[in-house]
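This is what each chain is made of:
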Amino acid sequence: VVAAGPVQDLVGTRVVVTAGGTREPLDPVRFLGNRSSGRQGIAIAEAAAARGADVVLIAAHLEVPPPGGVELREVSTALEMQDAAAAASADADVIVMAAAVADYRPVEVSEGKIKKDDRGDSMTLELVRNPDILAGLAAAKRDGQLVVGFAAETETDRARQLELGRSKIARKGADLLVLNRVGWNEGFATERNEITVLDSTADIVLEFAGSKVSVAHRILDVIAERL
Ligand code: CTP
Ligand code: CA
(Lines give C-alpha, C1' and ligand atoms only; values in the text may rest on other atoms or scores of the structure.)
(Ligands and ions follow the chains in the order given, each with its own letter.)
Protein backbone atom coordinates (compact mmCIF):
# COMPACT_ATOMS: atom_id res chain seq x y z
CA VAL A 1 0.00 0.00 0.00
CA VAL A 2 1.36 3.40 -0.97
CA ALA A 3 0.33 6.26 1.28
CA ALA A 4 -1.23 9.15 -0.61
CA GLY A 5 1.08 12.17 -0.31
CA PRO A 6 1.57 15.32 -2.31
CA VAL A 7 2.18 14.94 -6.02
CA GLN A 8 5.88 14.25 -6.74
CA ASP A 9 6.26 17.02 -9.32
CA LEU A 10 9.60 18.37 -8.03
CA VAL A 11 11.69 15.20 -8.13
CA GLY A 12 15.20 16.06 -9.32
CA THR A 13 14.62 19.78 -8.76
CA ARG A 14 17.09 21.65 -6.57
CA VAL A 15 15.39 24.31 -4.48
CA VAL A 16 17.10 26.87 -2.25
CA VAL A 17 14.91 28.67 0.28
CA THR A 18 15.98 31.45 2.63
CA ALA A 19 13.89 31.95 5.75
CA GLY A 20 13.82 33.90 8.99
CA GLY A 21 15.27 37.30 9.75
CA THR A 22 18.89 38.39 9.73
CA ARG A 23 20.48 40.02 12.78
CA GLU A 24 23.06 42.76 12.44
CA PRO A 25 25.32 43.01 15.49
CA LEU A 26 26.02 46.26 17.33
CA ASP A 27 28.22 44.74 20.01
CA PRO A 28 28.64 41.25 21.53
CA VAL A 29 25.22 41.37 23.18
CA ARG A 30 23.03 43.48 20.88
CA PHE A 31 21.72 43.41 17.34
CA LEU A 32 19.32 45.06 14.91
CA GLY A 33 16.68 42.54 13.91
CA ASN A 34 13.17 42.15 12.59
CA ARG A 35 10.01 40.23 13.41
CA SER A 36 10.17 37.52 10.75
CA SER A 37 9.41 34.13 12.31
CA GLY A 38 10.57 32.08 9.34
CA ARG A 39 7.25 30.24 9.13
CA GLN A 40 6.41 30.96 5.48
CA GLY A 41 9.90 30.05 4.27
CA ILE A 42 9.91 26.89 6.37
CA ALA A 43 6.51 25.93 4.92
CA ILE A 44 7.86 26.36 1.37
CA ALA A 45 10.99 24.32 2.13
CA GLU A 46 8.92 21.55 3.73
CA ALA A 47 6.33 21.49 0.95
CA ALA A 48 9.03 21.41 -1.76
CA ALA A 49 10.73 18.47 -0.03
CA ALA A 50 7.39 16.68 0.27
CA ARG A 51 6.96 17.08 -3.50
CA GLY A 52 10.33 15.42 -4.12
CA ALA A 53 12.72 18.39 -4.42
CA ASP A 54 16.25 18.47 -3.02
CA VAL A 55 15.99 21.42 -0.65
CA VAL A 56 18.63 23.63 0.94
CA LEU A 57 17.16 25.84 3.68
CA ILE A 58 19.27 28.89 4.52
CA ALA A 59 17.96 29.84 7.91
CA ALA A 60 18.44 33.01 9.95
CA HIS A 61 17.11 32.88 13.50
CA LEU A 62 14.00 30.77 12.97
CA GLU A 63 11.39 31.03 15.72
CA VAL A 64 10.05 27.57 14.97
CA PRO A 65 11.98 24.33 14.39
CA PRO A 66 13.18 23.67 10.83
CA PRO A 67 11.57 20.79 8.93
CA GLY A 68 13.24 17.43 8.48
CA GLY A 69 14.24 16.23 5.03
CA VAL A 70 16.01 19.44 4.03
CA GLU A 71 19.65 20.47 4.20
CA LEU A 72 19.90 23.22 6.81
CA ARG A 73 22.50 26.00 6.58
CA GLU A 74 22.30 28.44 9.46
CA VAL A 75 23.37 32.06 9.08
CA SER A 76 23.01 35.19 11.16
CA THR A 77 23.76 38.39 9.22
CA ALA A 78 22.77 39.58 5.75
CA LEU A 79 26.36 39.20 4.57
CA GLU A 80 26.45 35.59 5.79
CA MET A 81 23.14 34.95 4.05
CA GLN A 82 24.52 36.44 0.84
CA ASP A 83 27.52 34.05 0.94
CA ALA A 84 25.35 31.02 1.71
CA ALA A 85 22.83 31.93 -1.01
CA ALA A 86 25.58 32.46 -3.60
CA ALA A 87 27.12 29.07 -2.79
CA ALA A 88 23.82 27.20 -2.77
CA SER A 89 22.45 28.88 -5.89
CA ALA A 90 25.31 27.61 -8.08
CA ASP A 91 23.46 24.39 -8.88
CA ALA A 92 19.92 25.43 -7.93
CA ASP A 93 16.91 25.34 -10.24
CA VAL A 94 14.78 27.50 -7.96
CA ILE A 95 15.74 30.14 -5.40
CA VAL A 96 13.08 31.46 -3.04
CA MET A 97 14.07 34.50 -0.97
CA ALA A 98 11.50 34.32 1.81
CA ALA A 99 13.90 35.71 4.43
CA ALA A 100 13.60 39.20 5.86
CA VAL A 101 17.02 40.62 5.14
CA ALA A 102 18.17 43.69 7.08
CA ASP A 103 18.44 46.59 4.66
CA TYR A 104 21.18 48.21 6.77
CA ARG A 105 23.86 47.11 9.21
CA PRO A 106 25.83 49.13 11.76
CA VAL A 107 28.97 50.63 10.24
CA GLU A 108 30.91 49.73 13.36
CA VAL A 109 30.58 46.66 15.53
CA SER A 110 31.90 47.40 19.00
CA GLU A 111 34.39 44.84 20.36
CA GLY A 112 33.06 45.33 23.86
CA LYS A 113 29.60 46.12 25.18
CA ILE A 114 28.53 49.68 24.37
CA LYS A 115 28.35 51.62 27.66
CA LYS A 116 25.82 54.36 28.44
CA ASP A 117 28.41 56.44 30.26
CA ASP A 118 30.44 56.75 27.06
CA ARG A 119 27.38 57.95 25.12
CA GLY A 120 25.37 60.35 27.25
CA ASP A 121 21.63 61.03 26.90
CA SER A 122 21.26 60.19 23.24
CA MET A 123 23.22 58.22 20.75
CA THR A 124 23.21 57.94 16.98
CA LEU A 125 23.87 54.76 15.07
CA GLU A 126 25.48 54.99 11.69
CA LEU A 127 24.24 52.31 9.32
CA VAL A 128 25.38 51.21 5.90
CA ARG A 129 23.22 49.57 3.23
CA ASN A 130 23.45 45.78 2.90
CA PRO A 131 23.75 44.25 -0.56
CA ASP A 132 20.46 43.25 -2.19
CA ILE A 133 20.80 39.46 -2.24
CA LEU A 134 17.74 38.86 -4.41
CA ALA A 135 18.77 41.41 -7.03
CA GLY A 136 22.26 39.89 -7.11
CA LEU A 137 20.93 36.36 -7.58
CA ALA A 138 18.54 37.54 -10.30
CA ALA A 139 21.36 39.37 -12.12
CA ALA A 140 23.56 36.24 -11.98
CA LYS A 141 20.74 33.90 -12.98
CA ARG A 142 21.53 30.94 -15.22
CA ASP A 143 19.25 29.83 -18.06
CA GLY A 144 16.31 27.91 -16.70
CA GLN A 145 16.84 29.10 -13.14
CA LEU A 146 13.82 30.63 -11.41
CA VAL A 147 14.29 33.40 -8.83
CA VAL A 148 11.40 34.16 -6.50
CA GLY A 149 11.21 37.14 -4.14
CA PHE A 150 8.89 38.13 -1.35
CA ALA A 151 7.66 41.60 -0.49
CA ALA A 152 6.09 42.35 2.84
CA GLU A 153 4.35 45.73 2.77
CA THR A 154 2.44 47.60 5.46
CA GLU A 155 0.46 49.46 2.80
CA THR A 156 -3.30 48.85 3.29
CA ASP A 157 -4.54 50.25 -0.01
CA ARG A 158 -4.72 47.38 -2.50
CA ALA A 159 -3.94 49.41 -5.60
CA ARG A 160 -1.01 51.09 -3.89
CA GLN A 161 0.25 47.69 -2.64
CA LEU A 162 0.19 46.30 -6.19
CA GLU A 163 2.00 49.38 -7.43
CA LEU A 164 4.75 48.84 -4.84
CA GLY A 165 4.98 45.16 -5.85
CA ARG A 166 5.18 45.98 -9.55
CA SER A 167 7.99 48.45 -9.12
CA LYS A 168 9.76 46.07 -6.73
CA ILE A 169 9.77 43.08 -9.11
CA ALA A 170 11.00 45.31 -11.93
CA ARG A 171 13.77 46.73 -9.74
CA LYS A 172 14.86 43.29 -8.51
CA GLY A 173 14.72 41.43 -11.81
CA ALA A 174 13.03 38.43 -10.16
CA ASP A 175 10.81 36.00 -12.08
CA LEU A 176 8.08 35.97 -9.43
CA LEU A 177 7.26 38.19 -6.47
CA VAL A 178 5.05 37.06 -3.60
CA LEU A 179 3.32 40.05 -2.04
CA ASN A 180 1.81 40.01 1.39
CA ARG A 181 0.68 42.51 3.95
CA VAL A 182 2.39 42.83 7.29
CA GLY A 183 1.55 44.98 10.27
CA TRP A 184 1.84 45.05 14.02
CA ASN A 185 -0.35 41.96 14.26
CA GLU A 186 -0.27 40.60 10.74
CA GLY A 187 2.00 38.41 8.71
CA PHE A 188 4.77 37.38 11.04
CA ALA A 189 3.90 35.09 13.93
CA THR A 190 0.60 34.04 12.39
CA GLU A 191 -0.26 30.66 10.90
CA ARG A 192 -2.15 32.22 7.99
CA ASN A 193 -1.08 34.34 5.09
CA GLU A 194 -2.76 36.21 2.27
CA ILE A 195 -0.71 36.57 -0.87
CA THR A 196 -0.65 37.94 -4.40
CA VAL A 197 1.96 36.59 -6.81
CA LEU A 198 3.23 38.78 -9.65
CA ASP A 199 5.31 37.61 -12.59
CA SER A 200 8.09 39.55 -14.31
CA THR A 201 5.60 41.29 -16.59
CA ALA A 202 3.85 42.44 -13.39
CA ASP A 203 0.77 40.32 -14.16
CA ILE A 204 -1.08 38.82 -11.22
CA VAL A 205 -0.64 35.04 -11.52
CA LEU A 206 -2.12 34.02 -8.17
CA GLU A 207 -4.21 35.45 -5.35
CA PHE A 208 -4.67 33.17 -2.38
CA ALA A 209 -5.36 33.19 1.34
CA GLY A 210 -4.89 30.25 3.67
CA SER A 211 -2.55 28.53 6.05
CA LYS A 212 1.15 29.08 5.43
CA VAL A 213 1.35 25.41 4.34
CA SER A 214 -1.41 25.77 1.74
CA VAL A 215 0.11 29.08 0.58
CA ALA A 216 3.44 27.26 0.17
CA HIS A 217 1.86 24.60 -2.05
CA ARG A 218 0.09 27.17 -4.24
CA ILE A 219 3.35 29.10 -4.71
CA LEU A 220 5.09 25.83 -5.64
CA ASP A 221 2.30 25.09 -8.17
CA VAL A 222 3.15 28.38 -9.91
CA ILE A 223 6.87 27.58 -9.74
CA ALA A 224 6.44 24.00 -11.00
CA GLU A 225 4.48 25.06 -14.06
CA ARG A 226 7.28 27.49 -15.01
CA LEU A 227 10.20 25.07 -14.66
N1 CTP B 1 16.05 41.18 -0.06
C2 CTP B 1 17.34 40.76 -0.29
N3 CTP B 1 18.40 41.50 0.18
C4 CTP B 1 18.19 42.64 0.85
C5 CTP B 1 16.86 43.09 1.10
C6 CTP B 1 15.81 42.34 0.61
O7 CTP B 1 17.52 39.72 -0.93
N8 CTP B 1 19.23 43.33 1.29
C9 CTP B 1 14.95 40.37 -0.61
C10 CTP B 1 13.99 39.81 0.41
O11 CTP B 1 14.41 38.53 0.84
C12 CTP B 1 12.70 39.72 -0.39
C13 CTP B 1 12.81 40.87 -1.37
O14 CTP B 1 14.20 41.21 -1.44
O15 CTP B 1 12.63 38.54 -1.14
C16 CTP B 1 12.02 42.10 -1.04
O17 CTP B 1 12.38 42.57 0.23
P18 CTP B 1 11.75 43.92 0.73
O19 CTP B 1 12.31 44.24 2.07
O20 CTP B 1 10.26 43.85 0.58
O21 CTP B 1 12.28 44.93 -0.40
P22 CTP B 1 13.41 46.02 -0.40
O23 CTP B 1 14.00 45.99 -1.77
O24 CTP B 1 14.36 45.82 0.73
O25 CTP B 1 12.62 47.39 -0.25
P26 CTP B 1 11.97 48.09 1.05
O27 CTP B 1 12.35 47.31 2.27
O28 CTP B 1 12.54 49.47 1.03
O29 CTP B 1 10.48 48.06 0.78
CA1 CA C 1 13.78 45.69 2.94
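Residues numbered from 1 in each chain as written. Chains lettered and ligands numbered in written order. Predicted model: local features only at pLDDT ≥ 70, side-chain atom pairs only at ≥ 80, totals over all residues. Heavy atoms only, no water.

- Per an unreviewed UniProt entry, the protein is named Coenzyme A biosynthesis bifunctional protein CoaBC, and its organism is Microterricola gilva.

## Regarding the nonpolar core
Then comes step 1: Counting residues in each nonpolar core, the largest one holds 31 residues, and the members touching the most others are Val17, Ile44, Val55, Val96, Ile219 and Ile223.
Then comes step 2: When residues of this core are traced back to their parent elements, those giving at least two are strand 1 (14-20), helix 1 (39-50), strand 4 (54-60), strand 6 (94-97), strand 9 (146-153), strand 10 (176-181), strand 11 (192-199) and helix 5 (212-226).
Then comes step 3: Here the element with the most residues in this core is helix 5; it accounts for six residues.
Then comes step 4: Val16, Ile58, Ile95 and Leu198 belong to the second-largest nonpolar core, a separate cluster that totals 25 residues. (Core = buried A, V, L, I, M, F, W, Y, C linked by side-chain atoms within 4.5 Å. Buried < 20%, exposed > 50% of the residue type's maximum accessible area, 1.4 Å probe, protein only. Helix = DSSP H or I, 4+ residues; strand = E, 2+ residues; numbered from the N terminus.)

## A look at the environment of Arg171
Then comes step 1: Examined against the element boundaries, Arg171 turns out to sit in helix 4 (residues 158-172).
Then comes step 2: Taking the C-alpha atoms as reference points, Arg171 and Ala135, 36 residues apart in sequence, are found 7.8 Å from one another.

## Here we look at the pattern of salt bridges
Then comes step 1: The tally for this structure, following the rule as stated, stands at ten salt bridges.
Then comes step 2: Here Arg14 makes a salt bridge to Asp91, at a shortest N to O gap of 3.7 Å. Within this pair, whereas Arg14 is found in strand 1, its partner Asp91 is found in the loop between helix 2 (78-89) and strand 6, the two being separated by 77 residues in sequence.
Then comes step 3: Judged by its relative accessible area of 40%, Arg14 is partly exposed.
Then comes step 4: Here Arg51 makes a salt bridge to Asp221, at a shortest N to O gap of 2.7 Å. Highlighted residues: Arg51 in the loop between helix 1 and strand 4 and Asp221 in helix 5, separated in sequence by 170 residues.
Then comes step 5: Residue class for Asp221 comes out partly exposed when judged on its relative accessible area of 34%.
Then comes step 6: Taken together, the shared-partner salt bridges connect Asp9, Arg51 and Asp221 into one network. (Salt bridge = Lys/Arg side-chain N within 4 Å of Asp/Glu carboxyl O.)

## Describing the coordination of the calcium ion (ligand 2)
Then comes step 1: The coordination sphere of the calcium ion (ligand 2) contains the protein donors Asp103 (OD) and Asp103 (OD), at a distance range of 2.4 to 2.5 Å.
Then comes step 2: If you trace the backbone, Asp103 turns up in the loop between strand 6 and strand 7 (104-106). (Donors = N, O, S within 2.8 Å, 3.2 Å for Na, K, Ca; no water.)

## As for the site of ligand 1
Then comes step 1: By nearness alone, 15 residues border ligand 1, and Met97, Leu134, Phe150, Lys168 and Lys172 come closest of all.
Then comes step 2: Between a nitrogen atom of ligand 1 and a main-chain N or O atom of Pro131, the distance comes to 2.8 Å.
Then comes step 3: Note that an oxygen atom of ligand 1 is positioned 2.7 Å from one of the side-chain N or O atoms of Lys172.
Then comes step 4: In the complex, 78% of the free accessible area of ligand 1, which totals 570 Å², lies under the protein chains.
Then comes step 5: Going through the elements one at a time, helix 3 (133-139), strand 9 and helix 4 are the ones with two or more residues in the shell around ligand 1.
Then comes step 6: No other element matches strand 9, which puts four residues into the shell around ligand 1.
Then comes step 7: Broken down by class, the residue content of the shell around ligand 1 amounts to nine nonpolar, one polar and five charged. (Near = heavy atom within 4 Å. Polar contact = N/O pair within 3.5 Å; in protein donor to acceptor, adjacent residues only side chain to side chain. Areas by Shrake-Rupley, 256 points an atom, 1.4 Å probe, with all protein chains shown as cover. Nonpolar A, V, L, I, M, F, W, Y, C, P; charged D, E, K, R; others polar.)

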